[in-house]
4 protein chains.
Amino acid sequence: MGLASQDNLQISGLTDNMDKKYKSLLRNRFQKDVDKNVLKYVASVPFDWRLYKYDIAGSIAHVNMLKKQQIIPEKDANLIVSGLKIIEKEIDKEQFDFKPELEDIHMNLENRLFEIIGNAAGTMHTARSRNDQVSLDMRLYLRDAIKNTVQLIKNLQHTVVEIADNNNSVVMPGYTHLQQAQPILFAHHLLAYFEMFQRDIERFQNSLQRVNILPLGSGAMAGITFQIDRDFLARELGFERVSNNSIDAVSDRDFVIEYEAAAAITMMHLSRLAEEIILWSSTEFGFVELDDSFTTSSSIMPQKKNPDVAELARAKTGRIYGNLISLLTIMKGLPLAYNRDLQEDKPGLFDTVDTLLASLEVFTSMIKTMKVNADRMLSVMSNTYILATDIADYLVEKGLPFREAHEVVSKIVYYAVSSGKNFEELSLEEYQRFSPIFDKNVYHITLESSLARRNMHGGTAPPQVKEAIIRAKQLVGKRQCKKNG
Amino acid sequence: MGLASQDNLQISGLTDNMDKKYKSLLRNRFQKDVDKNVLKYVASVPFDWRLYKYDIAGSIAHVNMLKKQQIIPEKDANLIVSGLKIIEKEIDKEQFDFKPELEDIHMNLENRLFEIIGNAAGTMHTARSRNDQVSLDMRLYLRDAIKNTVQLIKNLQHTVVEIADNNNSVVMPGYTHLQQAQPILFAHHLLAYFEMFQRDIERFQNSLQRVNILPLGSGAMAGITFQIDRDFLARELGFERVSNNSIDAVSDRDFVIEYEAAAAITMMHLSRLAEEIILWSSTEFGFVELDDSFTTSSSIMPQKKNPDVAELARAKTGRIYGNLISLLTIMKGLPLAYNRDLQEDKPGLFDTVDTLLASLEVFTSMIKTMKVNADRMLSVMSNTYILATDIADYLVEKGLPFREAHEVVSKIVYYAVSSGKNFEELSLEEYQRFSPIFDKNVYHITLESSLARRNMHGGTAPPQVKEAIIRAKQLVGKRQCKKNG
Amino acid sequence: MGLASQDNLQISGLTDNMDKKYKSLLRNRFQKDVDKNVLKYVASVPFDWRLYKYDIAGSIAHVNMLKKQQIIPEKDANLIVSGLKIIEKEIDKEQFDFKPELEDIHMNLENRLFEIIGNAAGTMHTARSRNDQVSLDMRLYLRDAIKNTVQLIKNLQHTVVEIADNNNSVVMPGYTHLQQAQPILFAHHLLAYFEMFQRDIERFQNSLQRVNILPLGSGAMAGITFQIDRDFLARELGFERVSNNSIDAVSDRDFVIEYEAAAAITMMHLSRLAEEIILWSSTEFGFVELDDSFTTSSSIMPQKKNPDVAELARAKTGRIYGNLISLLTIMKGLPLAYNRDLQEDKPGLFDTVDTLLASLEVFTSMIKTMKVNADRMLSVMSNTYILATDIADYLVEKGLPFREAHEVVSKIVYYAVSSGKNFEELSLEEYQRFSPIFDKNVYHITLESSLARRNMHGGTAPPQVKEAIIRAKQLVGKRQCKKNG
Amino acid sequence: MGLASQDNLQISGLTDNMDKKYKSLLRNRFQKDVDKNVLKYVASVPFDWRLYKYDIAGSIAHVNMLKKQQIIPEKDANLIVSGLKIIEKEIDKEQFDFKPELEDIHMNLENRLFEIIGNAAGTMHTARSRNDQVSLDMRLYLRDAIKNTVQLIKNLQHTVVEIADNNNSVVMPGYTHLQQAQPILFAHHLLAYFEMFQRDIERFQNSLQRVNILPLGSGAMAGITFQIDRDFLARELGFERVSNNSIDAVSDRDFVIEYEAAAAITMMHLSRLAEEIILWSSTEFGFVELDDSFTTSSSIMPQKKNPDVAELARAKTGRIYGNLISLLTIMKGLPLAYNRDLQEDKPGLFDTVDTLLASLEVFTSMIKTMKVNADRMLSVMSNTYILATDIADYLVEKGLPFREAHEVVSKIVYYAVSSGKNFEELSLEEYQRFSPIFDKNVYHITLESSLARRNMHGGTAPPQVKEAIIRAKQLVGKRQCKKNG
């Protein structure tokens, strides 16, 4: 079978003849063997195997520290380090046989280490508990995930700015309540997303200060009885500081929740863009055409060009929300310190990271190849009263208080709708029936004038949008737009 | 590598030399090939392959109907049916090569059918769309899932009753606010869970009436132009009735949400039992001892007996909640009819079904082997005032209004706490200081009398609990307690 | 100030000179007064006052039972009943002074009863605890809420059918992926919602069997020591049966969650209709026009007609989801039996009931007055290839296997798009270039023929839709379409 | 009636004789009056009246800017400012009559301004839309809410440190999986919460950089046509900078979500502390006794001391989660720019802020008055094997590899449990049966030695905890521990 999913693990070795030699590794003081259903229920290696690089890096740093502190013999330490490097390569090459009966990634690695280097492996776990070890692994994983996330958001921003720049004179209706409101530059609309993504980056970066802290040295929950050097570990592993309280260090999953909350907001932003792309791709709007490679047609309706990628991204937002609420629920009311419940932080986090990164990537490609129909955007404004605000503002500038101007224009719109006319089709005499202030300058109110007059920082006037594009480019330009890692 | 998880699909065949011959199967009218990232993003076969048996059963019924209605040639129909049976066996034996570039289970099966039977395969999809097809598959899947769920809940109920019966004279403190409140039978406490699980069963069974409806014949969304026989299909596939509206049929996922909501409530019940088992397993409570096979000790603290299974079940409750909120979010505000968003119903549902079934199974085994410490339950009541209610009721029966009786007992408790005495250590004279009504019968108030007097339907008096056990046994006995399927 | 909200309670009487006389009512054995912040934090009367009618009805039944069983003197019982009726009128007339320092509705009523009838009030709470009392109140409240909900859904269904009937020849494009897919009757589209609402009704009605159960007699958690008659209570209060387990009865909130889950699905359905109304009200779609009374214009853009009601309903869906997840989270991992946490079930439930009922009501009025633009619906189909399926089916009937027919039509659509032609503008020769099977009957494929041929149960053919309307009317007609209560 | 809640608004003035004079203020160009149910459905003033101070402050700054820029006459501007100040006092004194038919706080204020100063009021809304106005109000509100939240967290931290300091020699069992794991200082345990709260503060402070941005000047969505001075506004209102994109500014609610997400994490922390306090207050644990003013007894069980405040805080966590998921759901898939859906951000946010602040306050008082039972904490460790880790570490230091040492201790524990002995009751000979390495120093392993040896940064050794207290005090001391507000 070509595929295997989480629910269909091709678990090797969950057999009764499991090697007795390694049984002592299992953390069971108990006389009975563990039930197979139980093993399947509690085993985390089906998902936490992904942490292997981080677990190995952490173990190497730990062992080097133990050696430096003369807590374990130099010879043992060196053996362990070389063994771990062998194991890493085995996993890289998919030649490693994960054993669910060893439950988690940590025991799988240690067990293999015993096979390779013998009893020296038994010293690796000195002055450490799986409670601080797994927190370490998660923090190393998340530090990388945050870096990758930020980079992919930047790439998406880069593309957003590019499209804005390439279409910097395209005019479209701006909407509120999905009703045409005021004319805007398409570029201005796109740059709204640039701002959202910028906040997303900030949020992920803010969270780093709570991720990048060394938990190792907290032991099971009370600290370590050996003369360890936590600062050495922090330096080796690139952490900004060591954790302040061992109990907190092993029971804290705030940093995972923070990532999931930030991811939820980012996906929400993508879902808004997805919704717009779906709307814009409809016959009725017709503002954009997605490239064939990002759509599908139907099995039964060959004429259609379905925006599947956008739809799926919109839907996956629900999934990201679900993962967030899941972890918040898990953590609610848990007494200190470590509880096995914490193991359930991983499936949701990994799913969130994978989904977010994939969504960012496909969005970047999708919008990059999207065709913008400037003509259609213009034509949908032809029979609407999208310049009503401008007429009201014109009256205000001629001295009418805002609320009166607004009332006058309301009446004109009502009259125009009833008589089936556009603004430009109204005669000056008709205008003046509603207010004597009108003069022929009212005919100078156009899409162009409307745009041009919104000329303040953040407004849609072409010079403002041009500046915004420059600012955005500089912001994006400061960074390398390549995914690291 | 021995394990693969959802994020690490061993996808075969996502290659550039994908057979041109089957390209026409892909639902793309478009000129460009679809981007690989896009394929990965939109492909559902990594999870919907699980529907293969249902998809094949549905296709066989469909093709038999097409044959009967003379919509396709008998010869083609027979070929298709035999081809599908071959494919089913291939998948059963894990000899089928799922191709993500064919996106979903439906196209994977049809593509293979072409390979086996040639062009006759091209008639299978007549008078059908993937929109009604996938709804059919999901309904067939869920019908089975509900049956399995109900059976596993019944098994758990069976075990609950057994334990209650085996411990039918064990007395324990009943709690409100985690404070000792009134003495109860341990069996009575357990049977509270029996009631919860009974409601769970009802809920799943209620939902069946909205699951067991044939959607096939709805086509893409407007219905079918051929002379199909939907009633025949319904009979063949065991549905109670056909759906009433083609648009609703392809856009409805209520039945999935209903399962997830019912599962959330069931898991909530398990989480309460889990919490109690965790509490009871602590040194401080000491009410039960879990069998070694359901606990682990720590890597660093060999003396511990951690109730990991209960902790994980408690945690997985969050996951089930997350899946529910995820699908509700996905469905919110979706215009009719089918949208690709609906594809995202599957990962969450499959995860919920798997998690719920596994949790029910391990709980059944875990509590079956749990040792009950009756002595400890008794001893924790020795220095508490758990009979206070009974003393108040004694006063009421002697004529004091309830509120006054309550006040008198409050004062006695306060006095007793201050002077470090139990109720039995108070002299009659001391009692009478608080109310002259007291006589020596106050010393006849015991744990046993307290239990015995709560002798109404639903109460904890031993005869009531005995009857409750009999009722429960009858309810459970009506059914076969074997998992079907 | 004319308004007060939950956060701005005009709490009377939270004063230090609270009447000593009623202090004994407070459930505090303790020497210190409770802190004001604490009182505010724990008091439920700001929201549970809404239960007063149910609490009074329950107390009257309870006292009548106590009288019948000779547990309290007849004289006292009669005094209590008459006192409670006085209190009910006081509250009806808004002449009752709720006191937060008495914490909840139960104590507020009992306290006032003392004021009115004196010490006889002290016997009312005999053989009862607030734990079973509040469960009783909630069940009575919810039974009514379910009735009202079902009635309002029926009213909405009634309106849906009416509109369908009044517009039974209007043709619109059917959508999948928000792309025009196949022509349908507008009535057929509307009736999809009829089906959703029908399921909603079923769901609420199913839940009644778990709501309509008498919890009274469960006491604090272990049952009652007096010779009570629970069946009498059940009959008096209209319950189907009495609860089976006292511990379960006081710790169960499944019935609240079930309402919230059913409400979430119903609101999800409304959110889909809301989304469509918002889309259809846009200039770009233009399918419907909402009545002025259901829209607003902007403070700054007088030309707009914002579908605020639909937007708010869409948004309030989130709120209903939030309330569901809130209660699920509250219940997770709670040990038996009653915990104060359960008090937090109320704010969410009340909010959900109010929001759902209000949403159903405004939707009924909103769609009733909505203007349908049949012409616009037709015209948006003029340049699309919405009949592609029909052409493919035409080829299949002429002998081409489905997959080949689909491929042929795909190519034609691609050709037609490239050459800027509609189907009707293609010559027969052009058609035949793609398949020699084509004959001039291809020009008989029209919107009308497309509709007419989807003539199976559930399809969009006019006779089918007519029948569906008749069925729906009968279903709705069986009931009185007036809100009760 | 003394109380009114959100669902029972004593709405004044929703009458048919609503003053025609102010009707023009309503944003309705439409001919029909709005339905009362609709008004009730769409009106936000029942909750957004709370923004009045912020709305007035914003309007004053706006009007001053309009005056400075000579957009409106100085005379009008001065009138408006003085009128607004009068209104603010009216509301402060609860002498303001909010009118739901004017829908929101903005129109209520403007309408009253017309009454007070006449037509000059009509110029206030020049160069502004309610879309940017409400964003401004929310940001000003949230800026204050964040300040208050941070201050209350600091107060709680202050109390935590105080208790830690006052009990700095109390030893308790540390738990993992709710099993006794290793001895710790009670102070060390408490300081774990100090760390959590410190992260909470950081998170709220991080979010400020995304809150403290001026949206005014964005108009309805496209910017403003007048020559406004946004920098002046930003300075006047204390914002760090102006928003960069008008479309983003009116459609962004990230800052609300961020508060709700941070609040969810903080409440989760409180829920963990709540859970522990509930556990510790049980007879079985008996570690703490809550002050009478923070508990209640039962109506039927006077002996109990229920930790209601802790239970409610635990439950309210669900509510805070619900509000978060609610807003995330609301925002999902919303097209730009402003939609009425955004109005629904407020009820949830206000509820979250109120609930969080109240919870922080009651927790501070509750733990401050909590009695710590040091003796009980010691005594529960007397028959457990809590020093097992230390014995294993002793063996490691004597040369045994960690895994072997762990295995030896496992066997000893198993032996000790079977023979009913504590560690201290085992003879040296018995120890040596498991490993010859043991010498009599094994008897020097005590609770004190165990604590003392965990002497690294973050460990539970008394000198480390003392330093941690000093650090915490310095951190807390830097700030004023008074609520500003």
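Since the structure is predicted, the reported quantities are computational estimates derived from the model, not experimental observations.

This brings us to the domain arrangement of chain A. Residues and elements named next belong to chain A. Domains assigned within chain A are domain 1 (32-126), domain 2 (131-379) and domain 3 (388-477). Centre-to-centre separation of domain 2 and domain 3, based on C-alpha positions: 38 Å. With 19 residues of domain 2 in contact, the opposing surface of domain 3 contributes 16 residues. Here domain 2 meets domain 3 over a buried area of about 1,400 Å², counting both sides, of which 74% is carbon and sulfur.

The partner chain A presents 105 residues to the 105 residues of chain D that form the contact. For the pair chain D and chain A, the two sides together bury roughly 9,200 Å², of which 58% comes from carbon and sulfur. If you sort the residues of chain D by the area they bury against chain A, D:Arg272, D:Leu336 and D:Arg403 come out on top, with a joint share of 9%. For the pair chain D and chain A, the number of links is 14 salt bridges. In this structure, D:Arg403 engages A:Glu110 in a salt bridge whose closest nitrogen and oxygen atoms are separated by 2.3 Å. Between chain D and chain A we count 58 residue pairs in polar contact (both at pLDDT 80 or more) in total. In terms of residue class, the side of chain D that touches chain A is made up of 42 nonpolar, 36 polar and 27 charged.

Turning our eyes to something else, we now look at the pattern of salt bridges. One pass over the structure, following the stated rule, counts 151 salt bridges over all chains. Across the pair A:Glu115 and A:Arg112 runs a salt bridge, and its minimum N-O distance is 2.8 Å. With A:Glu115 and A:Arg112 both in helix H5 (residues 105-117) and three residues apart, this pair spans about one turn of that helix. By relative accessible area, which is 24% here, A:Arg112 ends up partly exposed. A salt bridge links C:Arg319 to D:Glu344; its shortest N-O distance comes to 3.0 Å.

A few words on the interface of chain A and chain C. A common way to express how large an interface is: the accessible area buried when the components associate. Taken residue by residue, the interface counts 45 residues in chain A and 45 residues in chain C. With both sides pooled, the region where chain A packs onto chain C buries about 3,700 Å², and carbon together with sulfur makes up 56% of that total. At the surface where chain A touches chain C, the tally comes to zero salt bridges. Seen at the junction of chain A and chain C, the total is 13 residue pairs in polar contact (both at pLDDT 80 or more). For the side of chain A that touches chain C, the secondary structure elements donating two or more residues are strand S1 (171-176), strand S2 (179-185), helix H10 (254-281), helix H11 (308-331), helix H14 (388-397) and helix H15 (402-419) of chain A. For the side of chain A that touches chain C, the element with the highest residue contribution is H15(A), accounting for six residues.

Let's shift gears to the relation of the copies chain A and chain C. Mapping chain A onto chain C leaves a residual RMSD of 0.0 Å; the transformation is a rotation of 180° accompanied by 0.0 Å of translation along its axis. Between the two chains, the operation in question is that of a two-fold axis. In terms of C-alpha distance to the rotation axis, chain A has A:Glu284 as its closest residue, with the C-alpha 2.7 Å off the axis. A shared interface surface links the copies, since 100% of the contact residues of chain A are contact residues in chain C too.

This part covers unusual backbone geometry. Note the cis peptide between C:Leu336 and C:Ala337, where omega equals -5°. Along the chain, the position of C:Ala337 falls in the loop between helix H11 (308-331) and helix H12 (345-368). Located in the positive-phi region is B:Leu178, a residue other than glycine, with phi close to 60°. Considering the arrangement of structural elements, one finds B:Leu178 in the loop between strand S1 (171-176) and strand S2 (179-185). By relative accessible area, B:Leu178 is classed as buried at 5%.

Residue and element names in this part refer to chain D. Spanning 17 residues, helix H15 (residues 402-418) covers 24 Å between terminal C-alpha atoms, matching the ideal 24 Å at 1.5 Å per step. Within the span of H15, buried status applies to Phe402, Arg403, Ala405, His406, Val408, Val409, Ser410, Ile412, Val413 and Ala416. One or two residues past the end of H15 sits glycine 420, with phi positive at roughly 65°.

Another aspect to go through is the packing of H11(C) against helix H11 (residues 308-331) of chain D. Remark: H11(C) packs on H11(D), axes separated minimally by 7 Å, with the N-to-C direction vectors making an angle of 150°. Compared by their axis directions, H11(C) and H11(D) come out roughly antiparallel. At the point where H11(C) passes H11(D), the crossing takes the right-handed sense. Along its contact with H11(C), which presents C:Ala315, C:Gly318, C:Arg319, C:Tyr321, C:Gly322, C:Ile325, C:Ser326, C:Thr329 and C:Ile330, the element H11(D) presents D:Ala315, D:Gly318, D:Arg319, D:Tyr321, D:Gly322, D:Ile325, D:Ser326, D:Thr329 and D:Ile330.

Thresholds applied
- Residues numbered from 1 in each chain as written.
- Chains lettered and ligands numbered in written order.
- Predicted model: local features only at pLDDT ≥ 70, side-chain atom pairs only at ≥ 80, totals over all residues.
- Heavy atoms only, no water.
- Domains from an automatic or database assignment.
- Contact = heavy atoms within 4.5 Å.
- Buried area = accessible area lost by both parts, 1.4 Å probe.
- Salt bridge = Lys/Arg side-chain N within 4 Å of Asp/Glu carboxyl O.
- Polar contact = N/O pair within 3.5 Å; in protein donor to acceptor, adjacent residues only side chain to side chain.
- Nonpolar A, V, L, I, M, F, W, Y, C, P; charged D, E, K, R; others polar.
- Helix = DSSP H or I, 4+ residues; strand = E, 2+ residues; numbered from the N terminus.
- Buried < 20%, exposed > 50% of the residue type's maximum accessible area, 1.4 Å probe, protein only.
- Least-squares fit on C-alpha atoms with pLDDT ≥ 70 in both.
- Expected span 1.5 Å × (residues − 1).
- Axes fitted to C-alpha atoms, helices over the stretch in contact; angles between N-to-C directions.
- Parallel < 35°, antiparallel > 145°, perpendicular 65-115°, else oblique.
- Left-handed = near helix turned anticlockwise from the far one by under 90°.

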